[in-house]
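Geometric and topological summary
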Amino acid sequence: NGKNTTNSSKNNGQGEELVLKSCHHGISSALDGLEDKDELVRTFQRCRIDHLGYAPPSQLIQWDITLAECQKRITKLPSLQQEELDKNTNDDDDEVVVAVLKEPLSSQGKGIHFVTSVQEIFDVMENHRNMKSSDDFLDEVMETKGRIPCWVLQSEIYPAMLIRDRKKFHIRMYILVMETYEDGDLLVHLYLYNRQEVRIAAQPVEDDDNHNTGGGKERRNPSAHITNGGFTGDNNADNKENNKNNKRKRVLLTEVKELVPYIPALEFFCANTFLQLLPDITRRVGCTVDDQPAQIQKHVLAGVDIMMTESGKPYLLEVNVNPRSPPTPDEVSSQFQSHLVSFLDDMINLVVFGKNDTNQNNNNNSGKSKNSSSKNSSKNNSSKSNNFVRLEDIVDAALLKQQQQHTSNNNNNGR
């Protein structure tokens, strides 16, 4: 705004006054904790959407649980197919339920275990506790997190959609949250980047591996079932040579032709999911409002990982807050490198200069962390557009299209 405010101006040593117009920090608390797998599950539970199918069925398991407690709490492994299994299972059925067990605070595809029984779950956790007991793991966690994180037992995305010679994949979408001041009120705006990435597993899934039929097929090959780009296979020195073939691929979704028709549904799914979380996001921001000058504006970026079943239903797997730096140039194509540059350019244009491709005079997609009346945003968005789209606009456009399709179908039926 170019105006002087308390603690916002300095003398440059030559008698000229320097005025702070704006300062942008990627330190918003809007998504705090969502990178922790157990806190993401708790957030879905707190928003009462954990049963609506946005994420795979999940169960939290305490760090220090005993085998007896484990057997009591886990009566069935979570499964997307559980109802069907309950109907069809008989004494001669070889159907095996495979679940995913995620270590506390794990990342980059590490700490992912495929389990088929309560005993196996306990053995994995006990082995992890024994390894961590020799260092200051719990002390460091308590110091940084203020709590002991839980394990997450989650349904496998099964049967998963496969591409490129039967390879598993997940889709990376980006959510940007911005905090802006409007007449003294702090507003929260959410955007989705409309260029998606695909992370493809290093090895194909075996023929029967995507449909559990017993006979040992429930034993998952991590190189075929873990799609995270940071996972590089076995760390055993004897297997380093094999790990050269375990590189995951990163491509743009538009390069995978069979996935292009799913783009509108994926954008709607991601936008709708985070709009369901908006009250909790606004609460997080409200808890950290301070007396800093209004010129200091916060934002946060998250990489959202989504996997689809073979029928095309998406599930949110993880939220990566402030995701790691891009891969080295030799790991991705020149087209993907250009995408990363454009992404950063679009983000700067929106965060710093307020240039986006929607009319922010419609402020329906803003959470208010203070008591304020509905008002129009004053950000100037008449400049050239970029690829960040307000979540509300995505949902409204999808619902309008559905309504028009419904009306068209009714008209055709009435002829």
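Located above this text is the structure these notes cover.
First things first, this report covers the structure right here in the doc. Worth saying up front: this structure is predicted, and the values here are computed from it rather than measured. (Residues numbered from 1 in each chain as written. Predicted model: local features only at pLDDT ≥ 70, side-chain atom pairs only at ≥ 80, totals over all residues. Heavy atoms only, no water.)

1. Let's talk about a nonpolar patch on the surface
A cluster of nonpolar residues, Leu344, Ile348, Val352 and Phe353, forms a patch on the protein surface that exposes about 350 Å² of accessible area. Mapped onto the elements, Leu344 comes out in helix α10 (residues 334-351). (Patch = residues over 30% accessible without salt bridge, like charges linked within 9 Å, V, L, I, M, F, W, Y side chains within 5 Å. Areas by Shrake-Rupley, 256 points an atom, 1.4 Å probe, with all protein chains shown as cover. Salt bridge = Lys/Arg side-chain N within 4 Å of Asp/Glu carboxyl O. Helix = DSSP H or I, 4+ residues; strand = E, 2+ residues; numbered from the N terminus.)

2. Regarding the nonpolar core
Where a protein is soluble and globular, its nonpolar side chains tend to be buried together. Core analysis: the biggest nonpolar cluster contains 50 residues, and Leu31, Phe169, Val177, Val198, Leu259, Phe274 and Ile281 have the highest contact counts within it. Elements with a minimum of two residues in this core: α1 (37-46), β8 (169-182), β9 (185-200), α8 (263-276), α9 (278-286), β11 (296-308), β12 (314-321) and α11 (391-413). Broken down by element, the residue count for this core peaks at seven residues, all from α8. Ile65, Leu77, Met125 and Val141 belong to the second-largest nonpolar core, a separate cluster that totals 18 residues. (Core = buried A, V, L, I, M, F, W, Y, C linked by side-chain atoms within 4.5 Å. Buried < 20%, exposed > 50% of the residue type's maximum accessible area, 1.4 Å probe, protein only.)

3. Brief notes about the side chain of Asn387
Topologically, Asn387 is positioned in the loop between β13 (366-368) and β14 (388-390). A polar contact is formed between the side chain of Asn387 and the side chain of Asp346, at a distance of 3.0 Å. Contact partners of Asn387, with chain neighbours within four places excluded, come to Leu192, Tyr193, Asn194, Arg195 and Asp346. (Polar contact = N/O pair within 3.5 Å; in protein donor to acceptor, adjacent residues only side chain to side chain. Contact = heavy atoms within 4.5 Å.)

4. Looking at a negative patch on the surface
There is a patch of like negative charges on the surface, built from Asp136, Asp139, Glu140 and Glu143. Accessibility expressed as a relative area gives 55% for Asp139, which makes it exposed. (Lys, Arg positive; Asp, Glu negative; His and termini not counted. Charge placed at Lys NZ, Arg CZ, Asp CG, Glu CD.)

5. Considering the sheet that holds strand β5 (residues 99-102)
Across the sheet, four strands lie side by side as β4-β7-β5-β6; this open sheet has antiparallel pairing. Each having just a single partner strand, β4 (58-61) and β6 (112-115) make up the two edges of the open sheet. Averaged over all neighbouring strand pairs, the angle between strand axes comes to 25°, with direction disregarded. Note: β5 against β6, four bridges, orientation antiparallel. When the sheet's bridge partners are listed, Val100 is paired in β6 with Phe114. Where α1 meets the sheet, it contacts β4, β5 and β7 (151-155), and its direction lies at approximately 125° from that of β4. (Pairing = 2+ DSSP bridges. Axes fitted to C-alpha atoms, helices over the stretch in contact; angles between N-to-C directions.)

6. As for the pairing of β12
Counting buried residues in β12 gives eight out of eight residues, a clear majority hidden from the surface. Note that β11 and β12 share seven bridges and pair antiparallel. Opposite Ile306, over in β12, you have Leu316 as the bridge partner. From the end of β11 to the start of β12, which pair antiparallel, there are five residues, and Gly312 there has a positive phi angle of about 95°.

7. A word on the packing of α8 against α9
One way to put it is that α8 packs onto α9 with a least axis distance of 4 Å and a crossing angle of 55°. As judged from the angle between their axes, α8 and α9 are oblique. When α8 is examined against α9, the residues Phe274, Leu275 and Gln276 are found in contact with a partner set consisting of Leu278, Pro279 and Ile281. Residue classes in the contact of α8 with α9 are distributed as five nonpolar, one polar and no charged. (Parallel < 35°, antiparallel > 145°, perpendicular 65-115°, else oblique. Nonpolar A, V, L, I, M, F, W, Y, C, P; charged D, E, K, R; others polar.)

8. What about the pattern of salt bridges?
Inspection of every chain in the model, using the stated rule, returns 17 salt bridges. For Arg172, the salt bridge identified is with Asp305, shortest N-O distance 2.6 Å. Residue Arg172 is located in strand β8, and its partner Asp305 is located in strand β11; the two are separated by 133 residues in the primary sequence. By relative accessible area, Arg172 is classed as buried at 6%. Note on Asp305: relative accessible area 3%, which makes it buried. Three or more residues joined by partner-sharing salt bridges are found here, namely Glu35, Asp36, Asp38, Glu39, Arg42, Arg46, Lys145, Arg147, Asp280, Arg283 and Arg284.

9. Let's talk about the packing of aromatic side chains
By the definition in use, this model includes five aromatic pairs. Pairing Tyr174 with Phe343 gives two aromatic rings, centres 4.7 Å apart and planes at 45°, and the pair type is tilted. Remark: Phe343 occurs in helix α10 and Tyr174 occurs in strand β8; sequence separation between them is 169 residues. Residue classification places Tyr174 among the buried positions, given a relative accessible area of 8%. An angle of 90° between the planes, with centres 4.8 Å apart, marks the rings of Tyr193 and Phe343 as edge-to-face. In this pair, Tyr193 is assigned in strand β9 and Phe343 in helix α10, connecting sequence segments 150 residues apart. For the pair formed by Tyr193 and Phe343, the shared burial category is buried. Counting every residue linked through ring pairs, the aromatic cluster contains Tyr174, Tyr193, Phe343 and Phe388. (Phe/Tyr/Trp six-rings, centres within 6.5 Å; stacked < 30°, edge-to-face > 60°.)

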